Amino acid sequence: MTKQERAMNTRHALIRSAAQAFDEFGYTRAKLAGISAGAGVSSGALHFHFDTKAAMAAAVESEATRTLHALARHAHRKSPSPLQALIDSSHVIAQQLRRDVVVRAGFHLNCRTAHHSEVNLHQEWLECVRRTLERSAAHGQTPPHAVQEELTATVVGATAGFEALARQDHNWLSRPSLTGLWHTLLPQLAGPKALTQLQAAGTEAVINATGPAPAQLTAAHAPGI
């Protein structure tokens, strides 16, 4: 193993250990000593890669953002229609929030802490929902008379509420929970014909494709969720 490879492995270990600490204790209570111990490295090695705890938080957040962007991009490329892509995106993002501590911690850091970030993931999700519903109307799935802003607010509010509840109980982001949510929302979003073509549980091929190897998806960076 080369020196560069060892450095990259150390950095990745520190990011994961930091994510675990932030996820368990929160940003304020997480300790650098615990993060270095969790990564199996010395405090000197930690400070070689990250000057401050804020720098570590930024790295966790950046890694989470790259993964979420890639997941959303994958869902929108592979789903059969714009509205189905929105459903699929919610499922694959929820799946990643449940199982990947780096994504979960990075998302919470972005949404809950006061440190400056160039990315606002909640705002990106809002814009993603708005754009997708506009495309859906253009494809004839969403009724043209529908009030787009009201529909956007409903979808964003409902999905953000599930994410907030999942901080105490991850089952709120389970596939059955999201499927139930979409069963409730879709009659308000889609016309009768389009409704018969939508899968509230998500498209199996899309969700399964993102399941086995999420790390491979982080290489592709999308402009927004």
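Just so we're clear, the structure is a prediction, and the values are computed from it rather than from any experiment.

K.L.:
Quick question: what am I supposed to make of the overall build of the protein chain here?
P.N.:
Regarding its fold elements, the protein chain presents 12 helices and zero strands. Listing the helices and strands of the protein chain from first to last along the sequence gives α-α-α-α-α-α-α-α-α-α-α-α. For the protein chain, the proportion of its 225 residues judged to be buried stands at 48%. For the protein chain, the computed accessible surface area is about 11,300 Å², with 55% contributed by carbon and sulfur atoms.

K.L.:
Hey, could you run me through the pattern of salt bridges in this one?
P.N.:
If the charged atoms of two oppositely charged side chains come close together, the side chains can form a pair. Counted according to the given criterion, the structure contains seven salt bridges. The residue Arg104 makes a salt bridge to Asp23 at a minimum N-O spacing of 3.2 Å. Of this pair, Arg104 sits in helix α6 (residues 101-112) while Asp23 sits in helix α1 (residues 3-25), and the two are 81 residues apart along the sequence. Note on Arg104: relative accessible area 11%, which makes it buried. Note that Glu127 is salt-bridged to Arg130, the shortest N-O span being 2.8 Å. Of this pair, Glu127 and Arg130 both sit in helix α7 (residues 121-138), three residues apart, roughly one helical turn. Judged by its relative accessible area of 18%, Arg130 is buried. Each of the salt bridges in this network shares a partner with another, and the network as a whole consists of Glu127, Arg130 and Glu149.

K.L.:
It is not clear to me how the nonpolar core should be interpreted in this structure. Could you clarify?
P.N.:
For soluble globular proteins, nonpolar side chains are generally found buried alongside one another. If you look at the biggest cluster of nonpolar residues, it comprises 36 residues, and the most contacted ones within it are Leu83, Leu86, Trp182, Leu186 and Leu189. Those elements that place two or more of their residues in this core are α4 (53-78), α5 (82-99), α6, α7, α8 (148-166), α9 (175-189) and α11 (204-210). No other element matches the seven residues that α5 contributes to this core. Leu186 has contacts with Leu83, Ile87, Leu195, Leu198 and Ala200, leaving out every residue within four places of it along the chain.

K.L.:
How do you make sense of the environment of Phe107 when you look at a structure like this?
P.N.:
Note that Phe107 resides in helix α6. C-alpha separation for the pair Phe107 and Ala64, spaced 43 residues apart in sequence, amounts to 6.5 Å. With sequence-adjacent residues up to four places away left out, Phe107 is seen in contact with Ala64, Leu68, Leu97, Leu121, His122 and Glu163.

K.L.:
Which parts of the structure should I look at to understand the packing of α5 against α7?
P.N.:
A pair of packed helices can be characterised by two numbers: the angle between their axes and the separation between those axes. Across the interface, α5 lies against α7 with an axial gap of 8 Å and an inter-helix angle of 155°. For the element pair α5 / α7, the angle class is roughly antiparallel. On the side of α5, the interface is formed by Pro82, Leu83, Leu86, Ser89, Ser90 and Ile93, while α7 contributes Trp125, Val129, Thr132, Leu133, Arg135 and Ser136.

K.L.:
So what exactly am I meant to see when it comes to the packing of aromatic side chains here?
P.N.:
The relative placement of two aromatic rings is captured by the distance of their centres and the angle of their planes. All chains considered together, the criterion is met by two aromatic pairs. Ring centres 5.7 Å apart and planes at 40° place the aromatic pair Phe22 and Tyr27 in the tilted group. Overall, Phe22 belongs to the buried group, its relative accessible area being 6%. According to the relative accessible area criterion, Tyr27 is partly exposed, its value standing at 23%. Each ring, one from Phe162 and one from Trp172, has its centre 5.3 Å from the other, and the planes form 80°; the classification is edge-to-face.

K.L.:
Sorry, what's going on with the packing of α7 against α8 here?
P.N.:
Contact geometry of α7 with α8 gives a least axis separation of 9 Å together with a crossing angle of 135°. In terms of orientation, α7 and α8 fall into the oblique class. Read as a crossing pair, α7 and α8 show a hand that is right-handed. Along the contact surface, α7 presents His122, Trp125, Leu126, Val129, Arg130, Leu133, Glu134 and Ala137, while α8 presents Gln148, Glu149, Leu151, Thr152, Val155, Val156, Thr159 and Glu163. The residue inventory of the contact of α7 with α8, partitioned by class, reads eight nonpolar, four polar and four charged.

K.L.:
What is the right way to read the UniProt feature "DNA-binding region" (unreviewed entry) in the protein chain from this model?
P.N.:
Summarizing the sequence annotation, UniProt attributes the feature "DNA-binding region" (unreviewed entry) to residues 31-50 in the numbering used throughout. Within residues 31-50, the helical portion is 75% and the strand portion 0%, while the C-alpha atoms at the span's ends are 13 Å from each other.

K.L.:
Whenever I open this one, the confidence of the model for the protein chain confuses me. Can you help?
P.N.:
Do not read the fine detail of predicted coordinates wherever pLDDT is low. On average, residues of the protein chain carry a pLDDT of 87, and 90% of them reach 70 or more. Element-level pLDDT for the protein chain is lowest in helix α12 (residues 214-217), with a mean of 38, against a maximum mean of 96 in helix α2 (residues 32-39). Predicted confidence is poor over residues 212-224, with pLDDT under 50, and the contacts of this stretch with residues over four places away or in other chains come to 20 contacts.

Rules used in this analysis
Residues numbered from 1 in each chain as written. Predicted model: local features only at pLDDT ≥ 70, side-chain atom pairs only at ≥ 80, totals over all residues. Heavy atoms only, no water. Helix = DSSP H or I, 4+ residues; strand = E, 2+ residues; numbered from the N terminus. Buried < 20%, exposed > 50% of the residue type's maximum accessible area, 1.4 Å probe, protein only. Areas by Shrake-Rupley, 256 points an atom, 1.4 Å probe, with all protein chains shown as cover. Salt bridge = Lys/Arg side-chain N within 4 Å of Asp/Glu carboxyl O. Core = buried A, V, L, I, M, F, W, Y, C linked by side-chain atoms within 4.5 Å. Contact = heavy atoms within 4.5 Å. Axes fitted to C-alpha atoms, helices over the stretch in contact; angles between N-to-C directions. Parallel < 35°, antiparallel > 145°, perpendicular 65-115°, else oblique. Phe/Tyr/Trp six-rings, centres within 6.5 Å; stacked < 30°, edge-to-face > 60°. Left-handed = near helix turned anticlockwise from the far one by under 90°. Nonpolar A, V, L, I, M, F, W, Y, C, P; charged D, E, K, R; others polar. UniProt positions renumbered as here; feature names shortened; annotations may be inferred. pLDDT = per-residue confidence, 0-100.

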